[in-house]
Amino acid sequence: MSGVSIAQAMAYRGQLAGLSDSADLDTALLLCRCLNRSRSYLYSWPERVLTASELEQFQAHFTRRLAGEPIAHILGSRDFWSLTLAVSPASLIPRPDTECLVERALEIICELGQPQVLDLGTGTGAIALALASERSDAQLLGVDYLPEAVALAESNRLALGLSNVCFQQSNWFAGLPRTQYHLIVSNPPYIDSDDPHLFEGDVRFEPRSALVAAEGGMADIKHIIQVAPDYLLAGGVLLLEHGFQQADAVRQVLASRGFSDIDSRRDYGGNERITMG
Ligand code: GLN
């Protein structure tokens, strides 16, 4: 046998049809990893033959992908904002939509010197680390209920060499001293437990505690809105990610808790995805 070339390995993507909506990208990313090369290399050297160990690793990774495992779990990392973050089954895989929350957060703090920011349910630390990397004068605290997620966020912090952010275990505000912040951000669980979306794609491999909330997905959002004012400085802002059909409900809960200047923004898919007050 003459071996398998890059072009032939890329043809494996056909097997992912119907299983992944990014079959081409998935196959390319798995190949890049086992060749330790960038994507441009794949397109420049399609005839390059994989060594036996490269092929073995590629096939092992590809088989995991065929079984539905998220690319981010197979590779152990995901790019978010300008950062590459380690991911694990202990937390949600960072999503591009959450970059819209980072953008909005940066706008909110742009005129503040040394802003103090709290990130609730930080997971990989994605939001807190992205903000910390953009604003070296900011002080960030990221909290998560799961100790494994706190350890993951902390290892991402160390790998990025950021010293203006720290992470601690806390069930929302429960373990926190009464510090007040300029901005509180969160991408909390907001999916209803009956949502059929929970049985498709990457979410099947992510912790339910990071995805699902009671009361039609609104329970944690309501709790955060209820308690947040005690932890906000005068004029401080709460900024939340939520489901694409929850914007009205979130605006209502914010208004009834006394928030003003309530405003929603759309994600890259055009859905109302983040709301501030
Ligand atoms: N946006 C994610 C999804 O729909 C869910 C994130 C969350 O619950 N915070 O898959």
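Residues numbered from 1 in each chain as written. Predicted model: local features only at pLDDT ≥ 70, side-chain atom pairs only at ≥ 80, totals over all residues.

1. Considerations on the site of the ligand
- Around the ligand, the structure places Leu92, Arg95, Asp97, Asn187, Pro189, Tyr190, Ile191, Val203 and Leu211.
- Per-class residue counts for the shell around the ligand are 6 nonpolar, 1 polar and 2 charged. (Near = placed C-beta within 6 Å. Nonpolar A, V, L, I, M, F, W, Y, C, P; charged D, E, K, R; others polar.)

2. What to know about the nonpolar core
- If you look at the biggest cluster of nonpolar residues, it comprises 49 residues, and the most contacted ones within it are Val117, Ala130, Leu131, Leu183 and Leu239.
- It is helix H7 (residues 126-134) that provides the largest number of residues to this core, a total of 7 residues.
- Here Leu183 is in contact with Ala105, Ile108, Ile109, Pro115, Val117, Gly236, Val237 and Leu239, once residues within four sequence places are set aside.
- By size, the runner-up hydrophobic cluster in this structure holds 9 residues, among which are Leu30, Leu31, Leu42 and Leu50. (Core = buried A, V, L, I, M, F, W, Y, C linked by C-beta atoms within 7 Å. Buried ≥ 20, exposed ≤ 12 C-beta atoms within 10 Å, placed from the backbone. Helix = DSSP H or I, 4+ residues; strand = E, 2+ residues; numbered from the N terminus. Contact = placed C-beta atoms within 7 Å.)

3. So, helix H10 (residues 247-256)
- Turning to H10, its buried residues are Val250, Val253 and Leu254. All buried residues of H10 project into a common sector of 100° when viewed along the axis, lining one side. Summarising the geometry of H10, the exposed residues directed more than 90 degrees from the buried face are Asp248, Gln252 and Ser256.
- Packed against the buried residues of H10 are helix H9 (219-227), strand S7 (232-241) and strand S9 (272-276).
- In the stretch just after H10, Gly258 is the one whose phi turns positive, near 95°. (Arc of directions from axis to C-beta.)

4. Notes on the packing of helix H6 (residues 97-109) against H7
- It is the contact of H6 with H7, at a shortest axis distance of 10 Å, that shows an interaxial angle of 40°. Between H6 and H7, the crossing angle belongs to the class labelled oblique. Two packed elements cross with a definite hand, and for H6 against H7 that hand is right-handed. When H6 is examined against H7, the residues Thr98, Leu101, Val102, Ala105 and Leu106 are found in contact with a partner set consisting of Ala126, Ile127, Ala130, Leu131 and Glu134.
- Split into classes, the residues belonging to the contact of H6 with H7 amount to 8 nonpolar, 1 polar and 1 charged. (Axes fitted to C-alpha atoms, helices over the stretch in contact; angles between N-to-C directions. Parallel < 35°, antiparallel > 145°, perpendicular 65-115°, else oblique. Left-handed = near helix turned anticlockwise from the far one by under 90°.)

5. Topic: the domain arrangement of the chain
- Under the domain assignment used here, the chain contains domain 1 (6-68) and domain 2 (77-276).
- Once you take the C-alpha centre of each, domain 1 and domain 2 turn out to be 33 Å apart. (Domains from an automatic or database assignment.)

6. Topic: the pairing of strand S5 (residues 165-169)
- Where strand S4 (residues 139-144) lies against S5, 5 bridges are found, and the strand directions are parallel. Its bridge partner being in S5, Leu141 is matched across the sheet by Cys166.
- In this region the chain leaves S4, passes through helix H8 (residues 147-160) and returns to the parallel neighbour S5; the handedness of that crossover is right-handed. (Pairing = 2+ DSSP bridges. Right-handed = clockwise from strand over helix to strand, strands pointing away.)

7. Comments concerning the environment of Gly123
- Tracing the chain through its elements places Gly123 in the loop between strand S3 (116-120) and H7.
- The exposure class of Gly123 is buried, given the 29 C-beta atoms found within 10 Å.
- Residues Gly123 and Cys100 lie 23 residues apart in sequence; the distance between their C-alpha atoms is 17 Å.

8. Some details on the UniProt feature "domain: Release factor glutamine methyltransferase N-terminal" (unreviewed entry) in the chain
- Taking the numbering used here, the UniProt-annotated feature "domain: Release factor glutamine methyltransferase N-terminal" (unreviewed entry) corresponds to residues 16-76.
- Here residues 16-76 is 64% helix and 0% strand, with 20 Å between the C-alpha atoms at its ends. (UniProt positions renumbered as here; feature names shortened; annotations may be inferred.)

9. A short note on the sheet that holds S4
- One open sheet holds the 7 strands; their spatial order is S5-S4-S3-S6-S7-S9-S8, and the pairing between them is mixed. At either margin of the open sheet sits one strand with a lone partner, and together these are S5 and strand S8 (263-266). Within the sheet, the average angular offset between the axes of one strand and its neighbour, ignoring direction, is 20°.
- Bridge count between strand S6 (residues 181-186) and S7: 5 bridges; the pairing is parallel. Within S7, the residue paired with Val185 across the bridge is Leu239.
- The sheet contacts of H7 involve S3, S4, S5 and S6, and relative to S4 the element is tilted by about 170°.

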